[in-house]
Amino acid sequence: MILPSILLVLGLLVLIFGANYLVEGASALAKKFKVSDLAIGLTIVAFGTSAPELVVNSFASIQGHQDIVFGNVIGSNNFNLFIILGITGLITPLAVQSSTAWKEIPVSLIAVILLFLLVNDSFLISGTENKLNRWEGFLLLAGFLGFLFYVYKQLTSEESLETSPEKKLSSLKMSLFIVGGLAGLVIGGQLVVNNAIGIAENLGISEKIIGLTVVAAGTSLPELATSIVAATKKNADIAVGNIIGSNIFNFLLILGTASVISPVSYTNSFNTDLYILAGGTIFLMLAMFTGKRKMLDRWEATLLLIFYLAYTIFLVAREL
């Protein structure tokens, strides 16, 4: 029990450092070719902070741990929305651009609704097993490509794209950061999946709960670090955009990839967590138009934080 716990923490640390090195190396590569900070933030950073979930879910899908696949992604998205936005919103009220309030947040809600419809086959056809099959995975990936096209159009509509002073890395160091970061993600992902399963079995706790809590929180640490740093620097666009972008990546890219690797059976009990995610996203949309417009105020961030902490405590207590 002690060894799996140590290895789980080690795996999470390797995941975080792997993601950080991958982002730093890829960012340096992008700057070398004069790509804007905005482009880097919307693509490389968003992918880098979602990379731990991608690796963990790929391994979980290959090994047939269905509840880890959905628990990790749905749990990570809830953790991102309620805990990370709650913490960053307490640090400083988060004002966002109009496109975030009118486009990106609604897109993340559409992704929740789309996933709900795809996995709840029994709602439409009685007696059908609920699962995310390969063609539905390809549909999610098509949606992800559509989102990338939207990001591309946003970039091309910018009148001026400025880059910050370039942090120069040698070609060798850049390559080492990228390759080392990817290696860290693979090794860390394997450690997290294997030891999370071992702990769940030893404690008699379901894979669903482990996925929704320990694995979800662990793989969301890159988003947490990114958003807290952005909030302390008064950069609300990165703090909020990182979370919304990661949530869209998680549903469309990561679940799409996992189900293409192997169809994933879906447990109906996850519907409650999807309802909570949809409700939290709607609350965030409403928060953009109450109080100070296009801003998540501290009292709204506090509500997000308190609600999800209470729900997580209830979830774990019910299992024990």
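It should be noted that the structure appears before, not after, this text.
The model shown is predicted, which means the values in this text are computed figures rather than measured ones. (Residues numbered from 1 in each chain as written. Predicted model: local features only at pLDDT ≥ 70, side-chain atom pairs only at ≥ 80, totals over all residues. Heavy atoms only, no water.)

Asker: How should helix H10 (residues 236-261) be read in this particular structure?
Answerer: For an α-helix, the turn length of 3.6 residues means that residues three or four places apart are oriented alike. With 26 residues, H10 extends 36 Å from end C-alpha to end C-alpha; this agrees with the ideal 38 Å at 1.5 Å per step. The sharpest bend along H10 reaches about 35° and sits at Asn250. The element H10 is extensively covered by neighbouring structure, given that 20 of its 26 residues are classed as buried. (Helix = DSSP H or I, 4+ residues; strand = E, 2+ residues; numbered from the N terminus. Expected span 1.5 Å × (residues − 1). Bend = angle between axes of the 7 residues up to and from the residue. Buried < 20%, exposed > 50% of the residue type's maximum accessible area, 1.4 Å probe, protein only.)

Asker: I tried to follow the packing of helix H7 (residues 171-203) against helix H8 (residues 207-219) on my own but got confused; where do I start?
Answerer: Helix-helix packing: each pair is described by the crossing angle between the helix axes and the interaxial distance. One way to put it is that H7 packs onto H8 with a least axis distance of 10 Å and a crossing angle of 125°. Judged on the interaxial angle alone, H8 and H7 are oblique. Once H7 is placed against H8, the crossing between them reads as right-handed. Within the contact between the two elements, H7 uses Val192, Ala196, Ile197 and Ala200 and H8 uses Glu207, Ile210 and Val215. (Axes fitted to C-alpha atoms, helices over the stretch in contact; angles between N-to-C directions. Parallel < 35°, antiparallel > 145°, perpendicular 65-115°, else oblique. Left-handed = near helix turned anticlockwise from the far one by under 90°. Contact = heavy atoms within 4.5 Å.)

Asker: Would you mind showing me how to read the nonpolar core here?
Answerer: If you look at the biggest cluster of nonpolar residues, it comprises 84 residues, and the most contacted ones within it are Phe70, Leu85, Phe251, Leu255 and Leu296. Per element, the largest residue contribution to this core is 13 residues, and it comes from H10. Once residues lying within four places of it in the same chain are set aside, the contact partners of Phe251 are Val73, Ile74, Asn77, Ala111, Val112, Leu115, Leu140, Gly256, Leu274 and Leu277. (Core = buried A, V, L, I, M, F, W, Y, C linked by side-chain atoms within 4.5 Å.)

Asker: Whenever I open this one, the pattern of salt bridges confuses me. Can you help?
Answerer: A side chain of one charge can pair with a side chain of the opposite charge if their charged atoms are brought near each other. A complete count under the given rule lists one salt bridge for this structure. Close ionic contact of Asp273 with Lys208 constitutes a salt bridge, the shortest N to O distance being 3.9 Å. Here Asp273, found in helix H11 (residues 270-287), pairs with Lys208, found in helix H8; they are 65 residues apart in sequence, far enough to count as distant. Looking at Asp273, the relative accessible area reads 0%, which means it is buried. (Salt bridge = Lys/Arg side-chain N within 4 Å of Asp/Glu carboxyl O.)

Asker: In this structure, what is going on with H7? I would like to understand it.
Answerer: With 33 residues, H7 ought to run about 48 Å at 1.5 Å a step, and its terminal C-alpha atoms sit 47 Å apart, in line with that. Phi turns positive one or two residues past the end of H7, at Gly204, with a value near 75°.

Asker: Explanation requested: the environment of Ser5 in the structure shown.
Answerer: Following the sequence through the fold, Ser5 ends up in helix H1 (residues 2-32). Ser5 gets classed as partly exposed once you look at its relative accessible area, which sits at 28%. Taking the C-alpha atoms as reference, Ser5 lies 9.6 Å from Val192; in sequence the two are 187 residues apart.

Asker: Teacher, can you tell me more about the packing of helix H3 (residues 66-91) against H8 here?
Answerer: For the pair H3 and H8, interaxial distance at closest approach is 7 Å and the crossing angle is 50°. As far as their axial angle goes, H8 and H3 are oblique. Remark: the crossing between H3 and H8 carries right-handed chirality. Of H8, the residues touching H3 (which contributes Asp67, Ile68, Gly71, Asn72, Ile74, Gly75, Ser76 and Phe79) are Glu207, Lys208, Ile210, Gly211, Leu212, Val215, Ala216, Ala217 and Thr219. The residue makeup of the contact of H3 with H8, split by class, is eight nonpolar, six polar and three charged. (Nonpolar A, V, L, I, M, F, W, Y, C, P; charged D, E, K, R; others polar.)

By themselves, these are just geometric observations and shouldn't be taken as functional.
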